Amino acid sequence: ATVEDYLQKIKEKAHLNAFIEVYSEEALAKARELDTLSSSKGKLHGVVIGIKDVICYKDHTLTASSEILKGFTSIFSATAVERLLEEGAIIIGRLNCDEFAMGSTNENSAYGKVLNAADETRISGGSSGGSAVAVQAGLCMVSLGSDTGGSVRQPADFCGIIGLKPTYGRISRYGLIAYASSFDQIGVFSINIPDAALLLEVMAGTDDFDSTVASQPVPAYSKEMETGKKYRIAYFNEALSHPGLDPAISAAIQNKLEDWKKDGHTVEEVHFDLLDYIVPAYYILTTAEATSNLSRYDGVKYGYRAKNDINNLESFYKQNRSEGFGWEVKRRIMLGNFVLSSGYYDAYFTQAQKVRRILTNQLSLIFKDFDFVCLPNSPSVAFKIGEKMDDPVAMYIADIYTVMANLTGVPAISPPVYPS
Ligand code: GLN
């Protein structure tokens, strides 16, 4: 399909609310420019990509779906975006998400919710809901999201597409708005594995602007898609028989494990008793990092500034932040300040760091004997819009399966699994 076709489709599906902004003229101009190239075509020649509203694109608005950043224009592009452009990609627009990537439904957005294209009464998942629906509904070929605790994998799952969270440090975070810096990674949404592999290959690799990027050479992922290799796959019974998990999802995964066995892969149960510690550790550490990362939004340097006459600095900050941030972001800033406060620091923050270390050690042991750990993505399928809005704790607990990959830094992919 051509850029025109995508623009037409985006118009037709505007009610899904996946795109916040569409770069129509620019995308068309880029397509015309690419058409004149006869040689030196890039690996992503003409690939139409949407990007989550937390990734910088030079001279374009960037808001993290927050009132506090409305009107902010980025003066540089994220390294990941630069690399896509160098290979001939066309960036078609900016995609809706939960404010500062905090959430699991895309309902915490200053631009409103995103509808799941498979059933418009249901949530898209989040926080990268716009990125998931844009690919699901065919509004772009592939899209970028960010994954701090499942925000690529869970919405991909809810929309029936592929979501890839690379290893921590595989893709530069330069130009990605920080939520929790030691967890955040840019990830990819696609409808097939080769597309995800190609995008990863283009974006990965060292970057002078992000010292946490791994120095290992980047394999040609798109060419190393072996078929026929037999893998060793671990699963945790504690996860599959968890009382919170929808039995239909558990059954679908067990069927998949059986299929893999029949295909000659090794599938074995591994005992894992740390499941209950994962969500608390994740929310303590990510809110602590978020509190610090979000302190820069004070109304002076970027975006929103309150209108009233204010005569002292403290009430100036207070008013800008009170009016600029949404409820979920404020809740997390308060939680983060609490777990870092003197008197509670050791009880919460230090303990959670220890849990993170124990999890990492345990997972390294498992990966000595296995290539993959198979876990559910989410305890349920996409639920109805509004259904869980007033129960933030239930929403947090639903992150039980995805956050381990970010706590330990391992890569994770969410392919669709259908009940058989
Ligand atoms: N649902 C998780 C959270 O709210 C994941 C967020 C993310 O990965 N950005 O923190």
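Reading the values: the criteria
- Residues numbered from 1 in each chain as written.
- Predicted model: local features only at pLDDT ≥ 70, side-chain atom pairs only at ≥ 80, totals over all residues.
- Helix = DSSP H or I, 4+ residues; strand = E, 2+ residues; numbered from the N terminus.
- Expected span 1.5 Å × (residues − 1).
- Buried ≥ 20, exposed ≤ 12 C-beta atoms within 10 Å, placed from the backbone.
- Arc of directions from axis to C-beta.
- Near = placed C-beta within 6 Å.
- Nonpolar A, V, L, I, M, F, W, Y, C, P; charged D, E, K, R; others polar.
- Pairing = 2+ DSSP bridges.
- Axes fitted to C-alpha atoms, helices over the stretch in contact; angles between N-to-C directions.
- Contact = placed C-beta atoms within 7 Å.
- UniProt positions renumbered as here; feature names shortened; annotations may be inferred.

A. Spotlight on helix 11 (residues 327–340). With 14 residues, helix 11 should reach 20 Å at 1.5 Å per residue; the first-to-last C-alpha distance of 20 Å fits that figure. Listed as buried for helix 11 are E328, V329, R332, I333, G336 and V339. The buried residues of helix 11 occupy an angular sector of 135° when the element is viewed end-on, so they sit on one face. Away from the buried face of helix 11 by more than 90 degrees, exposed residues W327 and M334 are located.

B. Inspection of the site of the ligand at higher detail. The environment of the ligand is formed by 14 residues, the closest being A101, S104, T148, G149 and S151. Its residues placed into classes, the shell around the ligand shows three nonpolar, nine polar and two charged.

C. How the structure looks around the sheet that holds strand 3 (residues 90–95). Reading across from one edge, 1-3-2-4-6-5-10 is the order of the seven strands in this open sheet, with mixed pairing throughout. The sheet terminates laterally at strand 1 (19–22) and strand 10 (412–414), the two strands that pair on one side only. Mean inter-strand twist for the sheet, computed between neighbouring axes without regard to direction, equals 25°. Note that strand 5 (residues 162–165) and strand 10 share three bridges and pair antiparallel. The residue of strand 10 that forms the bridge with G163 is S414. Lying over the sheet, helix 4 (residues 129–136) contacts strand 1, strand 2 (48–52), strand 3, strand 4 (142–147) and strand 6 (185–190), oriented at roughly 155° with respect to strand 4. Here helix 6 (residues 193–203) sits on the sheet and contacts strand 4, strand 5 and strand 6; the angle it forms with strand 6, its principal contact strand, is near 150°.

D. Broad picture of the UniProt feature "active site" (unreviewed entry) in the chain. When the UniProt feature table is mapped onto this chain numbering, "active site" (unreviewed entry) sits at K52, S127 and S151. A maximum C-alpha distance of 11.0 Å is found for the annotated residues, which run over 100 residues; spatially they form one tight group. Within the secondary structure, S127 is located in the loop between strand 3 and helix 4. On the basis of neighbour count, S127 is assigned to the buried category, with 36 C-beta atoms found within 10 Å. Relative to the helices and strands, S151 resides in the loop between strand 4 and helix 5 (153–159). Under the C-beta neighbour-count criterion, S151 is labelled buried, with 36 such atoms within 10 Å.

E. Spatial organisation of the pairing of strand 5. A two-sided burial pattern is seen for strand 5, the buried positions comprising I162 and L164 on one face and G163 and K165 on the other. Where strand 5 meets strand 6, three bridges bridge the pair, whose relative direction is antiparallel. The partner of L164 across the bridge, within strand 6, is V188.

F. Focus on the UniProt feature "domain: Amidase" (unreviewed entry) in the chain. Per the UniProt record, "domain: Amidase" (unreviewed entry) is annotated on residues 2–417. Taken end to end, residues 2–417 is 38% helix and 11% strand, and its two terminal C-alpha atoms sit 30 Å from one another.

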